[in-house]
Amino acid sequence: MDTEPHPFADLPLERRPNFKEWKVTRGDTQIRVVNWFSLMRLVGAAHLYIDGVEVDRSTAITVSPHTPLLSSGAVNVYFAGALSVKASITWDDEVLLRDELSFLDRMTYKIMQ
């Protein structure tokens, strides 16, 4: 469970509000990214797991889609999205996973450049 105090700290990640998960494998390496948030409480977190071990975490509520929010070694995770969270996971310069951005997501992305 979390060490930071918030109303969802005692809930498993999968039961937290707006929970979303992405998984990808590269070679023998398993990468898992988890994101959850509550706009009502202005709390949330993103977690990066490599081979089942949490290697990075962020509690930022807003992010730049041009800067990785999570990273460890060669792995970088970027977040974007206007109405829902979209993720992009890279290994060095290789894109392992990229959610498709909607028209509104792309417009928001351009504004944030």
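Residues numbered from 1 in each chain as written. Predicted model: local features only at pLDDT ≥ 70, side-chain atom pairs only at ≥ 80, totals over all residues. Heavy atoms only, no water.

## What to know about the overall build of the protein chain
Here is step 1: Scanning the protein chain from N- to C-terminus turns up one helix and eight strands.
Here is step 2: The order of helices and strands in the protein chain, counted from the N terminus, is β-β-β-β-β-β-β-β-α.
Here is step 3: Expected size for 113 residues packed as a compact globule is a radius of gyration near 13 Å; at 14 Å, the protein chain falls within 12% of this value.
Here is step 4: Seen through its C-alpha atoms, the protein chain measures out along the principal axes to roughly 35 × 35 × 20 Å.
Here is step 5: Buried residues in the protein chain amount to 37% of all 113 residues.
Here is step 6: Contacts in the protein chain between residues far apart in sequence, at least 24 positions, make up 27% of those at least 6 positions apart.
Here is step 7: For the protein chain, the accessible surface area stands at approximately 7000 Å², while carbon and sulfur atoms represent 52% of it.
Here is step 8: Treating the 12 positive side-chain charges of the protein chain as one cloud and the 15 negative ones as another, the clouds have centres 7 Å apart. (Helix = DSSP H or I, 4+ residues; strand = E, 2+ residues; numbered from the N terminus. Rg over C-alpha atoms; globule rule 2.2 N^0.38 Å. Buried < 20%, exposed > 50% of the residue type's maximum accessible area, 1.4 Å probe, protein only. Contact = heavy atoms within 4.5 Å. Areas by Shrake-Rupley, 256 points an atom, 1.4 Å probe, with all protein chains shown as cover. Lys, Arg positive; Asp, Glu negative; His and termini not counted. Charge placed at Lys NZ, Arg CZ, Asp CG, Glu CD.)

## Looking at the sheet that holds strand β4 (residues 53-58)
Here is step 1: Strand order in the open sheet formed by four strands is β1-β2-β3-β4, with antiparallel pairing between adjacent strands. Two strands in the sheet have a free side with no partner beyond their single neighbour: β1 (20-26) and β4. Strand-to-strand twist of the sheet, defined as the mean angle between neighbouring strand axes without regard to direction, takes the value 15 degrees.
Here is step 2: With seven bridges connecting them, β1 and strand β2 (residues 29-38) associate as antiparallel partners. Note on β2: the bridge partner recorded for K23 is R32. (Pairing = 2+ DSSP bridges. Axes fitted to C-alpha atoms, helices over the stretch in contact; angles between N-to-C directions.)

## Here we look at the nonpolar core
Here is step 1: Counting residues in each nonpolar core, the largest one holds 18 residues, and the members touching the most others are I31, V33, F79 and I89.
Here is step 2: Excluding its chain neighbours within four sequence positions, the residues that come into contact with V33 are K20, E21, W22, H47, L48, L70, V77, F79 and I89.
Here is step 3: Ranked by size, the runner-up nonpolar core spans seven residues in total, among them F8, L13, W36 and A45. (Core = buried A, V, L, I, M, F, W, Y, C linked by side-chain atoms within 4.5 Å.)

## Let's talk about unusual backbone geometry
Here is step 1: Residues other than glycine seldom take positive phi values, yet N18 does so here, at roughly 55 degrees.
Here is step 2: If you trace the backbone, N18 turns up in the segment before β1.
Here is step 3: Its identity as a non-glycine residue notwithstanding, D51 has a phi of 50 degrees, on the positive side.
Here is step 4: In this fold, D51 is placed in the loop between β3 (43-50) and β4.
Here is step 5: On the accessibility criterion, D51 (44% relative accessible area) is partly exposed.

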